[in-house]
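Examination of the molecular architecture
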Amino acid sequence: MNILYNSTRGSNKAVSASEAIIRGIAEDGGLFVPEKIPTLKYSLDALMKMDYQELAYSIMSHFLTDFTEQELRACVNSAYDQKFDTPLIAPVKQSGETYFLELYHGPTLAFKDMALTVLPYLLKTAAKKLAIDKEIVILTATSGDTGKAALEGFADVEGTKIVVYFPEYGVSQIQKQQMVTQEGKNTHVIGIEGNFDDAQNGVKRMFTDSELLSTLDKKGLMFSSANSINIGRLIPQVVYYFHAYFEVCRKENKAPGDAINFTVPTGNFGNILAGYYAKNMGLPIKTLICASNENKVLYDFIQTGIYDRKRDFVITMSPSMDILISSNLERLLYAISGDDASVVDKLMKELTGAGQYTIDDKMKKELAQFYGGYAKEEETAGAIKKVYEESSYLIDTHTAVAYSVYEQYKKATGDNTSTVIVSTASPYKFTTDVMKSLDPKYNTLGDFELIHKMAALTDGVIPAAIKDLESRPRLHKTICKTSDMQLELEKFLK
Ligand SMILES: *Cc1c(COP(=O)(O)O)cnc(C)c1O
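1. A closer look at the overall build of the protein
Assigned secondary structure in the protein consists of 21 helices and 15 strands. In terms of overall dimensions, the protein is globule-like: its C-alpha atoms have a radius of gyration of 21 Å, near the 23 Å expected for 494 residues. Expressed as lengths along the three principal axes of its C-alpha atoms, the size of the protein is roughly 60 × 50 × 50 Å. Taking all 494 residues of the protein together, the buried fraction comes to 61%. A fraction of 74% describes how many contacts in the protein between residues 6 or more apart in sequence connect residues 24 or more apart. A total accessible area of about 18,500 Å² is found for the protein, and carbon and sulfur atoms account for 49% of it. Each charge class in the protein can be summarised by its mean position, and for the 54 positive and 63 negative side chains these summaries are 1 Å apart.

If you want it as structure tokens, here you go:
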């Protein structure tokens, strides 16, 4: 079946998967969504026999229907290779009664690698299919992890340039050092004096600024996005929900069929939305547990049906979830409104204008498929300590938010269904916060000093991606005001 992509706000005509990937965002400011979520064309038993690459091809082929088998297999095989430090790509570890899906074995140690290792190939293939002769400028806002993963994926990819905006004072030392030391002639990294929402809003504005777009066009350039607003980010993420499900079946010596839960540490709602797509394709998922940090706008939304971004932005130790405008939620609103773009358009206008919106009772009922919880900072720290003390297993701050919310969920519901905690980053990316959660004595040491101390607590293996990171020279030094984001872009493109 051929799947086309609609804008969540409705005024675009449906486009092919290739076109949706190239454009990143629809012209009306909406996000591209498949006109219907495809149902599985293989049995779970058949899918369970596949390795990660084969599974990735099989799942993604449901969505990217205008890619040939050869094209899509080439993309997948180029992405999921020795860049990952384990042939399993996304191993599932069992600690006590809980499963952890480790999505951080790629080149930048966070789950963004799961999609951003393949996106450059999808984008290049799509450009070729559409006979696009323009140079593609990837514009990316990051709360820390997307930036590095995108830079790594696109560095020196012919026919592309990549520009990353990050909150100068809102990422970990290691995240920042990873980005500002990025090599590659086509890369540009800019720190902004603002938070992630400011970066994301700035990028979204440039994407739909018709004057800027026509200037670019004249120069032979066009924008695309590596953020999770790009459907090419979302689709590869559906794969690991299947993979994790089958890993749990294998560990429990069960044939596929019984439903399990996933707990997902959430910011922009991209990761958990991929789980929702997997469920709608036919993967047996009981509850999707949406875990927030103290920026608990999603928790409040799930409780009340009111989305309200008018609140103070909190800087937490899970910075990749410090988000108040959760952009992929727009795709969920589209789904739970019964694919009604006029509803989404109205809600999004209210969000931009009044800073809040309320969904109706019918949508609220659909939303109840999600359980929402949030972790306070001390609960996040407590979760890191508890898991380590119980099983010598170290989790990062984002994963700890999920673990803490899962504990709350179990207490509140008594549900004992097997549950996978989606582990989104390596603890080595957030050494200071992880180590001081274990013992306040580490408080005085920096991220880099703590790398070796962390290794001593675990298996002693420091991931290659950060081994010599501290001594690499800073290659990107630009810091700008939020209002100067476009100016900096124009300087780079000149
Ligand atoms: C990006 C990120 C998240 C949040 O993912 P969303 O798709 O934005 O919900 C959580 N944890 C880590 C480590 C991340 O990098």
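From this point, the discussion proceeds with the structure in view.
2. Here we look at the nonpolar core
Judged by nonpolar contacts, the single largest core of 112 residues is most densely connected at Tyr5, Met60, Leu64, Phe242, Phe262, Leu333 and Tyr357. At 13 residues, helix H11 (residues 231-251) tops the list of elements feeding residues into this core. With sequence-adjacent residues up to four places away left out, Leu333 is seen in contact with Phe301, Val344, Leu347, Met348, Tyr357, Ile359 and Met363. Of all hydrophobic cores here, the second largest spans 39 residues; its members include Tyr388, Met435, Phe448 and Ile466.

3. With respect to empty space enclosed by the protein
This model, assessed by the stated rule, comprises four cavities of 30 Å³ or more. Computed from the structure, the largest cavity encloses a volume of approximately 250 Å³. Along its surface, the largest cavity is lined by 23 residues, and Phe111, Lys112, Gly267, Asn268 and Ser320 are the ones closest to its centre. When contributions to the lining of the largest cavity are tallied by element, the ones reaching two or more residues are helix H7 (145-154) and helix H12 (270-281).

4. Overview of helix H8 (residues 173-180)
Within H8, six of the eight residues are buried, which leaves it mostly tucked inside the rest of the structure. By the burial criterion, the buried members of H8 are Ile174, Gln175, Gln177, Gln178, Met179 and Val180. Those residues of H8 that are buried lie in contact with H7, strand E6 (160-167), strand E7 (187-193), helix H19 (431-438) and helix H20 (447-457).

5. A look at the site of the ligand
Near the ligand lie 15 residues; those nearest to it are Lys112, Asp145, Gly267, Asn268 and Thr424. One of the backbone N or O atoms of Phe269 is found 3.1 Å from an oxygen atom in the ligand. Relative to its unbound accessible surface of 380 Å², the ligand loses 98% to contact with the protein. More than half of the atoms of the ligand fall within 2 Å of the grid points belonging to the largest cavity.

6. Observations regarding the pattern of salt bridges
Summed over the entire model, instances satisfying the criterion amount to 31 salt bridges. In this structure, Glu252 engages Lys254 in a salt bridge whose closest nitrogen and oxygen atoms are separated by 3.1 Å. Residues Lys254 and Asp258 are paired through a salt bridge, measuring 3.8 Å at the closest nitrogen-oxygen approach. With a relative accessible area of 37%, Lys254 lands in the partly exposed category. By relative accessible area, which is 48% here, Asp258 ends up partly exposed. A single salt-bridge network, built from bridges that share partners, covers Lys386, Glu390, Glu407 and Lys410.

What counts, and where the lines are drawn
Residues numbered from 1 in each chain as written. Predicted model: local features only at pLDDT ≥ 70, side-chain atom pairs only at ≥ 80, totals over all residues. Heavy atoms only, no water. Helix = DSSP H or I, 4+ residues; strand = E, 2+ residues; numbered from the N terminus. Rg over C-alpha atoms; globule rule 2.2 N^0.38 Å. Buried < 20%, exposed > 50% of the residue type's maximum accessible area, 1.4 Å probe, protein only. Contact = heavy atoms within 4.5 Å. Areas by Shrake-Rupley, 256 points an atom, 1.4 Å probe, with all protein chains shown as cover. Lys, Arg positive; Asp, Glu negative; His and termini not counted. Charge placed at Lys NZ, Arg CZ, Asp CG, Glu CD. Core = buried A, V, L, I, M, F, W, Y, C linked by side-chain atoms within 4.5 Å. 1 Å grid on protein atoms, 1.4 Å probe; cavity = no way out; pocket = protein on both sides within 12 Å on 5 of 7 lines; lining within 4 Å. Points joined across faces, edges and corners; volume = space filled by probe spheres on them. Near = heavy atom within 4 Å. Polar contact = N/O pair within 3.5 Å; in protein donor to acceptor, adjacent residues only side chain to side chain. Sits in = over half its atoms within 2 Å of the grid points. Salt bridge = Lys/Arg side-chain N within 4 Å of Asp/Glu carboxyl O.

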